[in-house]
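Report on the structure
Here is how the chains run, residue by residue.
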Amino acid sequence: MSEQKDKSIHFLYLSQEDCIKAGALDMKETLKAVEESFILHGNDDFVQPPKPVIRWGGPETEETRGRIMSMPSYLGGNKNVAGIKWIPSMPDNPKKYGQPRANALIILSDPDNGFPLAVMDGTIVSAMRTGAATGVAAKYLANPDSEIIGLVGAGVQSRTQLLALNEVFKNRITLVKVFDLDEEKTERFTYEMGEELDLKIMPVKSAEDAIRSSDIFVTATMSTFSYVKGEWVKDGAFHSEISFWDTDPQELIHYDKLVVDDWYQVKHHGVDVTYRSTEKGLIKEENIKELGKIIIGKAEGRQNGKEKILFNPIGISMNDISEAYRIYSNAVAQGIGQQLTLWNSPYWI
Amino acid sequence: MSNNKEVKVLWLSQEECIECGAMDMDMILEYVEKVNLWLVEGKVVEPELLHLLWEPGEYSGRRIGVHAALIRSEEMKVAAVKGIPSNPMNPIKRNTPRSNGIIILYNEETGYPFAVMDDTIVSALRTGASSALGAKYCANPDSEILGLVGCGVIQGAHIEATSKVMKKIKTVRLYDINKERAEQFAKKWEHLNYNFEICNSVEEAVSDSDIVYTATNANVGEEYIPKEWIKKGSFHSGVSMWDHTHEAILEGFNKYCMDYKLRLRDPKYPLSELTKAGKLDPDQIVELGQIIKGKEKCRENVNDTVFFVTLGICATDTANSYMIYKRAIEKGLGTEVNLWKEPAWY
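None of the values given here were measured: they were computed from a predicted structure.

Turning our attention to the interface of chain B and chain A. Taken together, the contacts link 71 residues of chain B with 70 residues of chain A. For the pairing of chain B and chain A, the buried interface totals around 6,100 Å² over both sides, and the portion due to carbon and sulfur atoms is 65%. The tally of links from chain B across to chain A stands at 3 salt bridges. With a closest N to O distance of 3.9 Å, Asp112 of chain A and Arg62 of chain B form a salt bridge. Inspection of the chain B/chain A interface yields 24 residue pairs in polar contact (both at pLDDT 80 or more). It is strand S4 (residues 63-72) of chain B that contributes the most residues to the side of chain B that touches chain A, 7 residues altogether. Here the side of chain B that touches chain A is built from residues that sort into 39 nonpolar, 17 polar and 15 charged.

Looking at where Asn219 of chain B falls in the secondary structure, it is placed in the loop between strand S11 (211-214) and strand S12 (235-238). Here Asn219 of chain B falls in the buried class, since its relative accessible area comes to 6%.

Looking now at the sheet that holds strand S13 (residues 255-258) of chain B. All names here are of chain B. Read from one edge to the other, the open sheet built from 8 strands follows the order S10-S9-S8-S11-S12-S15-S13-S14, with strand pairing classed as parallel. Since the sheet does not close on itself, it has two edges, and those belong to strand S10 (195-198) and strand S14 (285-287), each with one partner. Along the sheet, successive strands turn relative to each other by an average axial angle of 20°, direction set aside. The sheet contacts of helix H5 (residues 153-165) involve strand S8 (145-149), strand S9 (171-175), S10 and S11, and relative to S8 the element is tilted by about 165°. Strands S8, S9 and S10 of the sheet are contacted by helix H6 (residues 179-188), whose axis makes an angle of about 175° with S10.

Here we take up the pattern of salt bridges. Residue and element names in this part refer to chain B. Within this structure, the stated rule accounts for 42 salt bridges over all chains. A salt bridge links Asp24 to Arg327, with the shortest nitrogen-to-oxygen separation between them at 3.8 Å. One end of the pair, Asp24, is in the loop between helix H1 (14-19) and helix H2 (25-40); the other, Arg327, is in helix H11 (residues 314-331), and 303 residues separate them in sequence. By relative accessible area, Asp24 is classed as partly exposed at 26%. Notably, a salt bridge pairs Glu41 with Lys293, separated by 2.9 Å at the nearest N-O pair. Of this pair, Glu41 sits in the loop between H2 and strand S2 (44-45) while Lys293 sits in the loop between helix H10 (288-292) and strand S15 (306-309); the two residues are 252 residues apart in sequence, bridging distant segments of the chain. Because the salt bridges share partners, they merge into one network encompassing Glu41, Lys43, Glu74 and Lys293.

Tracing the backbone shows Glu109 of chain B in the loop between strand S6 (102-106) and strand S7 (113-118). When the C-alpha positions of Glu109 of chain B and Trp345 of chain B are compared, they lie 20 Å apart, and in sequence the two are 236 residues distant. Not counting chain neighbours up to four residues away, the residues in contact with Glu109 of chain B comprise Arg65, Met90, Asn93, Lys96 and Tyr97 of chain A. Among the polar contacts made by the side chain of Glu109 of chain B, one reaches the side chain of Lys96 of chain A at a distance of 2.6 Å. Here the side chain of Glu109 of chain B touches Tyr97 of chain A through a polar contact of 3.2 Å, side chain to side chain.

Cut-offs and rules
Counting restarts for each chain, with residues numbered from 1 along the sequence as it is written. Here chains are named by letter from A upward and ligands by number from 1 upward, in the order in which they appear as written. Where local features are concerned, this predicted model is filtered to residues with pLDDT of at least 70; where side-chain atom pairs are given and counted, the filter is 80 or more; whole-chain, interface and lining totals use all residues. Hydrogens and water molecules were not included; the side-chain quantities draw on all heavy atoms of the structure. We call two residues in contact whenever any of their non-hydrogen atoms come within 4.5 Å of each other. The quantity reported as buried area is the accessible area (1.4 Å probe) lost by two parts once they are put together, taken as the sum for both. Any Lys or Arg side-chain nitrogen found within 4 Å of a carboxyl oxygen on Asp or Glu counts as a salt bridge. Any pair of nitrogen or oxygen atoms within 3.5 Å is treated as a polar contact; in protein, a donor-acceptor pairing is required on top of that, and neighbouring residues in sequence qualify only through side-chain atoms on both sides. Helix and strand assignments come from DSSP, with helices taken as H or I runs of at least 4 residues and strands as E runs of at least 2, each series counted from the N terminus. In the scheme used here, Gly and all other residues not listed as nonpolar or charged are polar, with Ala, Val, Leu, Ile, Met, Phe, Trp, Tyr, Cys and Pro taken as nonpolar and Asp, Glu, Lys and Arg as charged. For the exposure calls, accessible area comes from a 1.4 Å probe over protein chains only, and a residue counts as buried if that area is under 20% of its type's maximum, exposed if over 50%, partly exposed in between. Two strands make a pair as long as DSSP finds a minimum of two bridges between them. As a rule, the C-alpha atoms of each element are fitted with a line to give its axis, helices using only the stretch in contact, and angles between N-to-C directions run from 0 to 180 degrees.

Structure, rendered in structure tokens:
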């Protein structure tokens, strides 16, 4: 038995600004961290219970009044770290307070003694890892010579989606088409992302225009109704559906392959289109594959250039914790952040 | 709308929380009782309990509890989330506490955090306070013998809270697998002036006791308290869940009380298993808040034998942590940090 003399426990606090200083906006590295978490997922080297939600009313109030979601996981392998992301999202914030809809805090914990390693902003991590999940999926599931990208929705999510796709298909993208119901948002997106990425970005008049003839397209909207038509989807296209209601389950019969990040989580949530398509008996459950299994070669990915493939991730805590751990490690190495004390000497009560 | 987009968060360490009342059992009892009332008045929302378990089915092993609560009462409006990792091997292998808890308090309107604080102390004390309130409302008021099975941190909170609400206690029977722990426990609480008896068997601690609390590491399948040990008219709080056999729960008791009946939906603990299996009628279980409110009764006569369950209501952590936070603001304690000075994207 080892007797510890100093019983104090400290952890690192990282504000959003600290996270950015430690490389939170480096999409190339985010892609790596997220891919590593998918590999652990494929190897079943993780623990990830379903995510509980606090609401102010019924499920429908999540989109109106808001919610707080808890997302815990443990990553095995050489990461060996546990963590929880907590992410409140209040739709009225931008209008009422001029502040973001969502903010997140992440606690990273030592999986052996359970003590905190870090408490940190998770807002950037969340947005970056969502983009990176599509990026990693596209790396394995899109045609490698993909050139044309379509984006439906021009919000924060679409920004990181494009950052990730641009990183994966560097110098290959010839055109990005964007559609959003909010024209001003579309213009701002076109201008800002064009500046940032040196890409040809073009606003289009409809979701159909954004989707038709695109090699890769992403649906990331606040839509409450479905509008995507399977017949718009080009042969060989890769579609990443980030939001919930854009595509009707009926349309999934037009796709050759359906891929999710974690089928157990998707089923537990019970809202995503892939789940609803199996509920309705349109798609057989065994035909839905997990990305991690495809990456490690335990499930079949793209088999030919003509397949139409849908990726429908629910968003998993493992992606967050892997990415947060990357930033935390950078911060430790570079001396970024503030040391806080959990206790100097624990009170045993 | 303000131009200042900075979001500030106050960090409170364990020592600072203690300075602001985390060890104040009178406050803890007061707010646990209030939360039980708010629960039945519909002023509290909690999602299902969640545990990240390293070994599936090992409910008493290494784990992280993930909890959340929303309080909207006249006295306070606040949302909170809590993470409490626990490794029963910590005290043995590392000589460090088994658990540590961190709670985040949120403005319920914007969802922005305003405090992140230690919850280790409050979490333990509110558990003791919950059982003690169960005893206050469901045990025989002249109960004299208290039996404690397991003599760890959680039982310390139990004896302290119980000493404040059950004034007739004279004898405390202690049992722990490790006898030394029972002896240390008796020494630590000797100022309560009880007659402490260290027991050689669990049965001794349980069978003649008027009030029994079980707080052990027993896991599913290791239940050891049979119906024969349960004294008629006694009150038991099954804090660690897997101590009483199903038969003991069904036949040793005739009255049931718990602090949050919605928890009957949770898949894995004795009362939900028994009600789901149709062996126990959920209508037979009284909610503690209903008794406090005077709407329902649990004990009707001295011979009623009551099984009580507290399932760790996060709102009890939330209300107490909020009170501690308010005192910290008054005293100017804590370390202020930023969530952000200016948000990067929105």
